[in-house]
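Geometric and topological summary
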Amino acid sequence: MSMSIWRAGAAALALTGLVNGGQALAAGPCSPSPAHEAFDVQGLKSELMVTALSCGAQDKYNSFVVKFRGKLTNEEHVLNGYFHTTYGRNAQRQHDDYITQLANVQSERGLKSGTAFCQQRLSMFDEVLVLDSAADLSNYAQAKDILQPASYLTCTAPDRPARPAAAAAASSSRNRAPARHTVRS
């Protein structure tokens, strides 16, 4: 009996932490990172590629790529930077995994939709090809319900405040003192 009460209490505490943590995250300052826009654009590009391959619209996809080549290239550089900063030596592998997972979840969605997929998605080419600028493309990508494989934290980290020299010196001298251990027998 006491074990099930403990589990219920632990579950309630975890749920409270998730709810409050989400509220704190939502309430906290988060200046969007340039990577957020890059993920949106990459998601749109992948969605259009999956649509083109599934629905025989490769010419429309090629027109999209030609029209927005500069924007697509720029956002690819931003994603490279994000993965390099976040994953270091594993950046390329993580980036490749993301691209693969992105195409996979979008393809699965297409398979689940059956013949309705092409009817629902082909109009995106008409919508995208009438956009005038790279900014329009970003806004369009952000507004669309583009399926992503995972959620990536794309807020810019706040700058770390510089520690005053006196506090740094005091901290350094405290860290040099020998540690005291209590031995119990």
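See above for the structure.
Now for a description of the structure that goes with this document. Note that the coordinates shown come from a computational prediction; the quantities given were computed from them, not determined experimentally.

1. Let's talk about the pattern of salt bridges
Across all of its chains, the model carries six salt bridges by this definition. Two residues, Glu47 and Arg121, come together in a salt bridge whose shortest N-O distance is 3.0 Å. A residue pair is termed long-range when its members are at least 10 positions apart, and Glu47 in helix α2 (residues 34-55) and Arg121 in helix α6 (residues 116-121) qualify at 74 residues. With respect to burial, Glu47 and Arg121 carry one shared label: buried. For Lys71, the salt bridge identified is with Glu75, shortest N-O distance 2.5 Å.

2. Focus on the packing of aromatic side chains
Counted according to the given criterion, the structure contains eight aromatic pairs. Their ring planes at 35° and their centres at 5.9 Å tell us that Phe83 and Tyr98 sit as a pair that is tilted. Pair noted here: Phe83 is in helix α4 (residues 69-87) and Tyr98 is in helix α5 (residues 91-113), with a separation of 15 residues, a long-range link. Like Phe83, the residue Tyr98 is buried in the burial classification. Three or more aromatic residues link up through ring pairs in this structure, and these residues are Phe39, Tyr82, Phe83, Tyr87 and Tyr98.

3. Quick notes on the environment of Leu137
For Leu137, the position within the fold is in helix α8 (residues 134-143). Judged by relative accessible area, which is 0%, Leu137 ranks as buried. C-alpha separation for the pair Leu137 and Phe68, spaced 69 residues apart in sequence, amounts to 8.3 Å. Among all residues touching Leu137, those that are not within four sequence positions of it are Val41, Leu44, Phe64, Phe68, Lys71, Leu72, Val128 and Leu131.

4. Structural notes on the packing of α4 against α8
How two helices sit against one another is set out by the angle between their axes and by the gap between those axes. Between α4 and α8, the shortest axis-to-axis distance is 9 Å and the interhelical angle comes to 60°. Taken together, the axes of α4 and α8 are oblique relative to one another. α4 and α8 meet at a crossing whose hand is right-handed. Every residue of α8 that contacts α4 at Lys71, Leu72 and Glu75 is listed here: Ala134, Leu137 and Ser138. In the contact of α4 with α8, the residues fall into three nonpolar, one polar and two charged.

Rules used in this analysis
Residues numbered from 1 in each chain as written. Predicted model: local features only at pLDDT ≥ 70, side-chain atom pairs only at ≥ 80, totals over all residues. Heavy atoms only, no water. Salt bridge = Lys/Arg side-chain N within 4 Å of Asp/Glu carboxyl O. Helix = DSSP H or I, 4+ residues; strand = E, 2+ residues; numbered from the N terminus. Buried < 20%, exposed > 50% of the residue type's maximum accessible area, 1.4 Å probe, protein only. Phe/Tyr/Trp six-rings, centres within 6.5 Å; stacked < 30°, edge-to-face > 60°. Contact = heavy atoms within 4.5 Å. Axes fitted to C-alpha atoms, helices over the stretch in contact; angles between N-to-C directions. Parallel < 35°, antiparallel > 145°, perpendicular 65-115°, else oblique. Left-handed = near helix turned anticlockwise from the far one by under 90°. Nonpolar A, V, L, I, M, F, W, Y, C, P; charged D, E, K, R; others polar.

By themselves, these observations are geometric and do not establish any function.
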